[in-house]
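Listed below are the residues making up each chain.
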Amino acid sequence: MKCLCAVLLLAFGLAAPAAAQRTTGEIIGRIVDESGSVLPGGTVTLRGAGVAGTPAVVSSETGTYRFPVLPSGT
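Cut-off values and rules
- Residues numbered from 1 in each chain as written.
- Predicted model: local features only at pLDDT ≥ 70, side-chain atom pairs only at ≥ 80, totals over all residues.
- Heavy atoms only, no water.
- Helix = DSSP H or I, 4+ residues; strand = E, 2+ residues; numbered from the N terminus.
- Polar contact = N/O pair within 3.5 Å; in protein donor to acceptor, adjacent residues only side chain to side chain.
- Contact = heavy atoms within 4.5 Å.
- Core = buried A, V, L, I, M, F, W, Y, C linked by side-chain atoms within 4.5 Å.
- Buried < 20%, exposed > 50% of the residue type's maximum accessible area, 1.4 Å probe, protein only.
- Salt bridge = Lys/Arg side-chain N within 4 Å of Asp/Glu carboxyl O.

Engineer: Explain the side chain of Ser59 here, please?
Structural biologist: Tracing the backbone shows Ser59 in the loop between β3 (56-58) and β4 (64-71). Engagement of the side chain of Ser59 in a polar contact is seen with the backbone oxygen of Leu39, the distance being 2.8 Å. Here the side chain of Ser59 touches Gly41 through a polar contact of 3.1 Å, landing on its backbone nitrogen. Sequence-distant contacts of Ser59, defined by excluding residues within four places in its chain, comprise Ile31, Leu39, Pro40, Gly41, Gly42, Thr64 and Tyr65.

The following block contains the structure:
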C-alpha cells in the first residue's frame, strides 16, 4: 500500500510541471450590458498579430464565449 501511494504521489508530482509546457492558450469570457445582465447571442471577434484570420464566436445563453487552442502571444 505504501508503494502504491508513493507511485501515485510521484506521478502527480511529475504531471504538474508537464502542464506548464503548453504552447497554446484559450480565452474565456462573458458578455454583459451596463446593468450586469448577460447578453446571449452576442458575437465576439478576436484580432491580433498571432491569430490567423479573425475568428468569431457567438455567446451562449449565459453570455459566455470561448476561443480554444490559441497560439501563445501577448
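Engineer: Where do I start with the nonpolar core in this structure?
Structural biologist: As a rule of thumb, soluble globular proteins bury nonpolar side chains together. Membership of the largest hydrophobic core is limited to seven residues, which are Ile31, Val44, Leu46, Val57, Tyr65, Phe67 and Leu70. It is β4 that contributes the most residues to this core, three residues altogether.

Engineer: Help me understand the environment of Val38 in this model?
Structural biologist: Considering the arrangement of structural elements, one finds Val38 in the loop between β1 (24-30) and β2 (43-45). Taking the C-alpha atoms as reference points, Val38 and Thr62, separated by 24 residues in sequence, lie 6.2 Å from one another. Apart from residues lying up to four places away in sequence, Val38 is in contact with Arg30, Ile31, Val32, Glu61, Thr62 and Gly63.

Engineer: Is there a simple way to explain the pattern of salt bridges in this structure?
Structural biologist: Should their charged atoms come close, side chains of opposite charge can pair. A complete count under the given rule lists one salt bridge for this structure. One salt bridge connects Glu26 with Arg66, and the closest N-O pair in it is separated by 2.8 Å. On the criterion of sequence distance, the pair formed by Glu26 in strand β1 and Arg66 in strand β4 is long-range, its members being 40 residues apart. The exposure class of Glu26 is partly exposed, given its relative accessible area of 38%.

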